[in-house]
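Below, each chain spelled out in residue letters.
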Amino acid sequence: MMALQFKLEQYPPNCGGGGGISYYPFAIPPIGRQRNQSLQAQALPSRTQRIMESISVSGEVGGAGGSYSYDALKRLDQLWSGICSAQTDVLEPQKVVSSLPGLFSQSDVAGKAVGTFDVIVCGGTLGIFIATALSCKGLRVGIVERGVLKGREQEWNISRKELLELVEVGIITEDDIEQAVASIFNPNRCGFEGKGEIWVEDILNLGISPAKLIEVMKKRFDSLGGIIYEGDSVSGISIYEDAAVLQLAKGKILSSRLLIDSMGNFSPVVKQIRCGKKPDGVCLVVGSCCRGFKDNSTSDVIFSSSAVKEVGESEAHYFWEAFPAGSGPMDRTSYMFTYVDPHPGCPKLEELLEDYWDLMPNYQFGDASGIQSPVSFGGFGSVTRHLGRLSAGIYEAINGDLLDSNNLSLLNPYMPNLSASWLFQRAMSAKKESNVSPDFINELLYVNFQSMQRLGDPVLRPFLQDVIQFGPLVKTLGLVMITKPLIIPSIFKQVGVPILLDWSGHFFMLGYYTFLSTFVDPVIRPLVNAFPAKMKYKWRRQLEAWQYGSGLDYKMSNPNTTKAERGMGTGGEAWAESKSLP
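The structure displayed is predicted, hence computed values, not measured ones.

Colleague: I tried to follow the nonpolar core on my own but got confused; where do I start?
Modeller: A general feature of soluble globular proteins is that nonpolar side chains tend to end up buried together. C190, F319, F449 and L464 are the most contacted members of the largest nonpolar core, which has 41 residues in total. The element that contributes the greatest number of residues to this core is helix α13 (residues 440-455), accounting for 8 residues. Residue-level mapping places this core at the junction of two domains, with at least three residues from each of domain 1 (183-208 + 278-377) and domain 2 (414-554). The contact partners of C190, leaving out residues within four places of it in the chain, are G196, E197, I198, V301, I302, F449 and L464.

This is the structure:
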């Protein structure tokens, strides 16, 4: 699964303002000859191009949402078109990683290394968190970042529960978190146009300034002796028997005992591992930040707007999310996204943006049910959730010299709850050949969310934070079948029997891992410390795989948040309750 994200972070002319969005078109000079008029008409810039070229771009930062120029959009669309091409031959990607015999310490290039580390992290935007966690454990860590290691202006949305996991790992303090919080908002809404809406609290309800948070992390990393190589990219990686050696584009050579790839979807290492294969699914995301929202105290966790519509040569079902922005009390960030399987004719990002300009005024300024955000816990949330597990496991592997592929693979085990969640993406992807009602996705989401709400917070809240658990899933599916049995045939049509059969295997394993983590883990865990080092490492990774693979690592957040943090008093709480589904 991968995501292509595009976001306008500055404000287009006359954006927002309390009733719609207007844009200044460019003046078209007169054409002297009529025969040239058709050519001129074809050459007219799109509305997206006019808007984006009117925005002053001072620089772009990496990471999702970090690009906002029209040229960057066209580059992404070219890349996306290449992924979707009909070419059946798998192209051999550039070979970045190679294995070399012998010891690096005895090689001809050993003396050229300008830095020797226990761990090198490639990609710093999210990589700095794992790098700092490992530095806290006493390891010598370096970071290689292609650009300048800094956070973008666009906020990361997360809950306080996930942020406190960074505190538990010891890489940041609660005071640091407070400095990085740009906005707090409650309640948070899940809506389905024309059907209903559900209100929850403390889900993705904090806007964190990446610029401030990463600056804090850089100072912490530096104080621990970490070294950052900025403005340089990875040219090649050589794996010796005793070291992983990086050749940087500017000629520097770095060596380490372990290399961590944190370069994201477009990592050359990932491309080599996948051997040019298409991703199984893609989430296309576009969005903007606008000003002029007077009532701006709530967020949107997911909103499914309208039915499936044709986009170019394909079909798409649009979802929305929106959050108050930290740049001002009336500023709001809105995203529109869709799930697709890469194939020829898939919608381009520019086509999505053209629809975005058309649809956003009704979504943001129209009927009250048009407020939303995606059920998608992004990269930052994944880092916070797994940081403790990964940093402890990596530290143990380095200390025990367990750096072969078999032992390292235990740090990235099969997790059936992640595989089981794949079905939801398939069900939310529009397909011409499925022969279901255009309103099917709305109906399916509505009945699922309604069922989860009736089953209570222990079912709804983990799902909203991308944690799939066996018990809640069984209860939800059972209630859906009882309350809406006629939707089941459409699910088979939409998803397909082969995928449902494959999903059934992951569903069974989800139950099996839940059993193991609940009943077998308590028996084995007290004995693990007495095991030899290598066996101890393997059993700890196995226990983690059962726990995280069943979703039992998830802990309910503390409901005793302050009224100031929730942004409302008792009356607001009662209002949110009264607006929820029966």
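Colleague: Is there a simple way to think about the packing of aromatic side chains in this case?
Modeller: Two measures describe an aromatic ring pair: the distance that separates the ring centres and the angle between the ring planes. Evaluated as defined, the whole model comprises 22 aromatic pairs. Feature note: the residues F192, F424, Y446, F449 and F463 constitute an aromatic cluster, connected by ring pairs. Sitting above the plane of the Y395 ring, K137 keeps its charged end 5.7 Å from the centroid. Taking the ring centre of Y548 as reference, the NZ or CZ of R389 above it sits at 5.3 Å.

Colleague: Which parts of the structure should I look at to understand the sheet that holds strand β6 (residues 181-184)?
Modeller: Strands belonging to one sheet form pairs held by backbone hydrogen bonds; the direction of such a pair is parallel or antiparallel. Spatial ordering of the open sheet is given by β5-β9-β6, a layout of 3 strands whose pairing is antiparallel. Looking at strand neighbours, the two that pair on one side only are β5 (156-158) and β6, the edges of this open sheet. Going from strand to strand, the sheet's axes swing by 25° on average, the running direction of each strand aside. By the bridge criterion, 3 bridges tie β5 to strand β9 (residues 206-208) in an arrangement that is antiparallel.

Colleague: Whenever I open this one, the pairing of strand β4 (residues 141-145) confuses me. Can you help?
Modeller: Taken residue by residue, a regular strand's side chains alternate between the two faces of the sheet. Buried residues dominate β4, accounting for 5 of its 5 residues. Neither face of β4 is left uncovered, since the one carrying V141, I143 and E145 and the one carrying G142 and V144 both have all their residues buried. Considered for its hand, the β-α-β crossover made up of strand β3 (residues 113-122), helix α4 (residues 127-136) and β4 is right-handed. With 4 bridges joining them, β4 and strand β10 (residues 227-230) adopt parallel strand pairing. By the bridge assignment, E145 is partnered in β10 with E230.

Parameters at a glance
Residues numbered from 1 in each chain as written. Predicted model: local features only at pLDDT ≥ 70, side-chain atom pairs only at ≥ 80, totals over all residues. Heavy atoms only, no water. Core = buried A, V, L, I, M, F, W, Y, C linked by side-chain atoms within 4.5 Å. Buried < 20%, exposed > 50% of the residue type's maximum accessible area, 1.4 Å probe, protein only. Helix = DSSP H or I, 4+ residues; strand = E, 2+ residues; numbered from the N terminus. Domains from an automatic or database assignment. Contact = heavy atoms within 4.5 Å. Phe/Tyr/Trp six-rings, centres within 6.5 Å; stacked < 30°, edge-to-face > 60°. Lys NZ or Arg CZ within 6 Å of the ring centre and 35° of its normal. Pairing = 2+ DSSP bridges. Axes fitted to C-alpha atoms, helices over the stretch in contact; angles between N-to-C directions. Right-handed = clockwise from strand over helix to strand, strands pointing away.

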